[in-house]
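Here is what each chain is made of, one letter per residue.
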Amino acid sequence: DTVADIKRNYGLDIDLDAMGFEDPKVYELLSNGDCLGVFQLEGGGMRNFMRQLKPSTFEDIIAGISLFRPGPMDQIPRYVENKYNPSKVKYADPKLEPILKVTYGCLVYQEQVQQIVRQLAGYSLGRADLVRRAMAKKKADVMEKERQAFIHGATDADGNVIVPGAKRLGVSEAVANQVFDEMAEFAKYAFNKSHAACYAVLAYQTAWLKVHYPAEFMAALLTSIADNTDKVQAYIEECRRIGVDIVPPDVNRSRAKFTASEGKVSFGLSAIKNVGHAAIEAIVASREDKGRFKSLYDFCERVDLRVVNKRVIESLIKCGAFASTKASRAQLLAALDPVLEKAATVQKNRQSGQLSMFDLLDSPAPSVAVAFSPPDVAEFPPDELLAMEKELLGMYVSGHPLDQYRNSLTARITHKVSDLTELDAGVQVTIGGRVTEAKHITTKTGKPMMFFTIEDYEGSIEIVLFPESTQKFGEWVQSDRILVVAGKTNRRDESLTIIADSIKRVPPDKVALVVKVDAHVERLGYLKTLLQRYPGPIPVYLRSVTSRKTILADEKFWCDASPELVGEVLRLFGEDSVVTSLDELE
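To start, this report covers the structure provided alongside it. Just so you know, these numbers come straight off a predicted model, no measurement behind them.

**Re the overall build of the chain**
Scanning the chain from terminus to terminus reveals 24 helices and 15 strands. Whereas a compact globule of 586 residues would reach a radius of gyration of roughly 25 Å, the chain reaches 33 Å, over 25% beyond that. By residue count, 47% of the 586 residues in the chain fall in the buried class. Of the contacts made within the chain by residues no fewer than 6 positions apart, 61% connect residues no fewer than 24 positions apart. Of the roughly 29,600 Å² of accessible surface on the chain, 51% is carried by carbon and sulfur atoms. When the 74 positive and 80 negative side-chain charges of the chain are each reduced to one mean point, those points stand 3 Å apart.

**A short note on helix H11 (residues 193-212)**
Its 20 residues give H11 an end-to-end C-alpha distance of 28 Å, which sits within 8% of 28 Å, the value for a rise of 1.5 Å per residue. Every buried residue of H11 is accounted for by Ala196, Ala200, Ala203, Tyr204, Gln205, Thr206, Ala207, Trp208, Leu209 and Lys210. Buried residues along H11 sit in contact with helix H1 (2-10), helix H2 (24-31), helix H4 (58-67), helix H12 (214-224) and helix H13 (229-241).

**As for the pairing of strand E8 (residues 460-465)**
Pairing between strand E7 (residues 448-455) and E8: 6 bridges, direction antiparallel. Within E8, the position partnered with Thr453 by the bridge is Glu462. Following E7, the chain reverses through 4 residues before pairing antiparallel with E8.

**Some details on the sheet that holds strand E15 (residues 578-581)**
Pairing within the open sheet is mixed, and its 4 strands lie in the order E14-E13-E11-E15. Strands at the two margins of the open sheet, each flanked by one partner only, are strand E14 (549-552) and E15. For this sheet, the mean angle separating the axes of adjacent strands, direction not counted, is 25°. Pairing geometry for strand E13 (residues 540-544) and E14, over 4 bridges, is antiparallel. Directly across from Leu542, in E14, lies its bridge partner Ile551.

**Topic: the environment of Val244**
Mapped onto the fold, Val244 is located in the loop between H13 and strand E3 (245-247). Exposure remark for Val244: the relative accessible area of 3% places this residue in the buried category. In sequence terms Val244 and Ala285 are 41 residues apart; their C-alpha atoms lie 28 Å from each other. Beyond its immediate sequence surroundings of up to four residues, Val244 is in contact with Pro214, Ala215, Cys239, Gly263 and Val265.

**Considering the pattern of salt bridges**
According to the stated counting rule, one finds 32 salt bridges in the structure shown. Note that Lys390 is salt-bridged to Glu455, the shortest N-O span being 2.5 Å. Here Lys390, found in helix H20 (residues 382-393), pairs with Glu455, found in strand E7; they are 65 residues apart in sequence, far enough to count as distant. Residue classification places Glu455 among the buried residues on the basis of a relative accessible area of 5%.

**Re the packing of helix H7 (residues 110-121) against helix H8 (residues 125-136)**
Contact pair H7 / H8: the axes reach a minimum separation of 9 Å and the direction vectors enclose 130°. As summarised for this structure, H7 and H8 are arranged oblique, according to the angle between their axes. As for how H7 packs across H8, the hand of that crossing is right-handed. Here Gln110, Val113, Gln114, Val117 and Arg118 of H7 lie close against H8, whose contacting residues are Leu125, Ala128, Asp129, Val131, Arg132 and Met135.

**Remarks on the nonpolar core**
Core analysis: the largest hydrophobic core is formed by 91 residues, its most contacted members being Leu222, Phe299, Ile313 and Leu316. Considering every element that reaches this core, the biggest residue donor is H11, with 7 residues.

**Looking at the pairing of E13**
Counting buried residues along E13, 4 of its 5 residues qualify, which places the element largely inside the surrounding structure. The pairing of strand E11 (residues 511-516) with E13 spans 4 bridges and is parallel. Note on E13: the bridge partner recorded for Leu513 is Val540. Hairpin connection of E13 to E14: 4 residues between the antiparallel strands, including Arg548 at a positive phi of 60°.

**What to know about the packing of aromatic side chains**
In this structure the tally under the stated criterion is 13 aromatic pairs. Aromatic ring contacts, followed pair by pair, group Phe21, Tyr27, Phe58 and Tyr204 into a single cluster.

**Observations concerning the environment of Gln205**
Tracing the backbone shows Gln205 in helix H11. Taking the relative accessible area as the measure of exposure, Gln205 reaches 8% and is therefore buried. For the pair Gln205 and Gly20, spaced 185 residues apart in sequence, the C-alpha to C-alpha distance is 9.7 Å.

**Examining the sheet that holds strand E5 (residues 264-266)**
Pairing between sheet strands relies on hydrogen bonds along the backbone, with the strands arranged either parallel or antiparallel. A sheet is described by the order of its strands in space; here 3 strands give the open sequence E3-E5-E4, paired in mixed fashion. Whereas interior strands pair on both sides, the edge strands pair on one side only; in this sheet they are E3 and strand E4 (259-261). On average, adjacent strands in this sheet sit at an angle of 30° to one another, irrespective of strand direction. In terms of strand pairing, E4 meets E5 through 3 bridges, oriented antiparallel. Bridging from a neighbouring strand, Ala260 pairs with Val265 of E5.

**A look at unusual backbone geometry**
Positive phi is not limited to glycine here, since Gln40 has a value of about 70°. Within the fold, Gln40 resides in the loop between H2 and helix H3 (44-53). Despite not being glycine, Lys54 shows a phi value in the positive range, around 50°. Tracing the sequence through the fold places Lys54 in the loop between H3 and H4.

What counts, and at which threshold
Residues numbered from 1 in each chain as written. Predicted model: local features only at pLDDT ≥ 70, side-chain atom pairs only at ≥ 80, totals over all residues. Heavy atoms only, no water. Helix = DSSP H or I, 4+ residues; strand = E, 2+ residues; numbered from the N terminus. Rg over C-alpha atoms; globule rule 2.2 N^0.38 Å. Buried < 20%, exposed > 50% of the residue type's maximum accessible area, 1.4 Å probe, protein only. Contact = heavy atoms within 4.5 Å. Areas by Shrake-Rupley, 256 points an atom, 1.4 Å probe, with all protein chains shown as cover. Lys, Arg positive; Asp, Glu negative; His and termini not counted. Charge placed at Lys NZ, Arg CZ, Asp CG, Glu CD. Expected span 1.5 Å × (residues − 1). Pairing = 2+ DSSP bridges. Axes fitted to C-alpha atoms, helices over the stretch in contact; angles between N-to-C directions. Salt bridge = Lys/Arg side-chain N within 4 Å of Asp/Glu carboxyl O. Parallel < 35°, antiparallel > 145°, perpendicular 65-115°, else oblique. Left-handed = near helix turned anticlockwise from the far one by under 90°. Core = buried A, V, L, I, M, F, W, Y, C linked by side-chain atoms within 4.5 Å. Phe/Tyr/Trp six-rings, centres within 6.5 Å; stacked < 30°, edge-to-face > 60°.

In short, geometric facts, not functional conclusions.
This is how it looks when you write it as structure tokens:
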């Protein structure tokens, strides 16, 4: 609960219902489209609409929620245009101005339909509501009858006028027909304003919390969707984007759910595979009773090993939950069996009544925890550590395989995977990410075809490579490769895929092979042949130190920058002829 976290962290009582709706920072957030997690406004299409609309009042939020629906959506360009160009607002009849002025001349709410039939044709409140219902339910026969009443009026069985009609009240028949047509088309899909206003209150309040208490807001948001890995991944990326640090699971900090403190969001222990509720309760209870765990041994000696068993502890170690004990994951896993054996003996003795002198004196025993020395073993490679996190948390937390490609990908893509759910079929897109799995099949005509999955920071999607494209690009599709894929969205049985047209490999940010060629320009032909023996995603630059010019080689000469290649280039062009980072040229 966000408000409870704010109370705990800052000692403040936040009454959301007592706040107004005038905070300029909230409208700045909405206008920038930074609405991920904001109620009703977080979809990709809605975020784009907010950037166009740039809401500046609470009325704009209500209208935005009402307009972003089939039917009223056709009014969006006109609404935005009129908001910023008031001179373009036109009313078919002057009587419409007090009704439509708040929405810049556009028909947005069901209540406006009721107001129009009352103001232009003299309807009663009850009959106005009947018109609204008939329009919403698309009752054609009732609608035609109401058109006549709206334009010409209506009488009861005794000839008494019950609806004066627009003509009797001074509105031309042409204008009355035009207004009725617009109402009838609009009301098929429209919100009522009171409904939209309730949504807008929640939208404003969640945006306010995101602006002023981002860590507490994101922690509550992550807890609310903890079972949805794709959404958790998207929200964690949003935390990083807005400057909220994500703290990996930690036995000395985390609770069961995501929590916020010191402006950071701590991963919940319940998100770790194999770690159940009883184990979490035992860990948190021991920490609150006797303080932080000083080492792996201290942890194993204190928690109930019947509940927090070896499988649980292995999972905690692999996902990095013992980082605060200052031992590496490799050290902890290497030490686990002997540590468990010692700790189990201590617990068994304790349960059988074999108390130590220190237990009798109610004093702490000499700390084996402090004396515990992890074995001297090398830590796992970074990619292996990330793979452990992915296995146990369903996502990467301490880093991401794409981190060293972030800028290169951003410069080449048009959409993130999370944006694609908003798109129709047949939209041309370019996405990028890491290949997580690939499948080869053969068509009925005997041609090779591929399906593979691309994963970016916020989700994953299946890519379809038809035979012609498989022949061109299939060899590039390998697990863990970083690729950019251009193609069209495709929907089949509610499943979204991309039909690939082209694929390119992506170089890491700032990584390049820069060859200084001044001394041996005549050897460039040899260099071309050499580079083609070591193909890869690393850009190759040719550098003339004397003229201070650097030329990017054609992509067909890009390479893998392997030690073997670099050694060959050094032999061709001499010592100090190669650098492997663009930073070294700056």
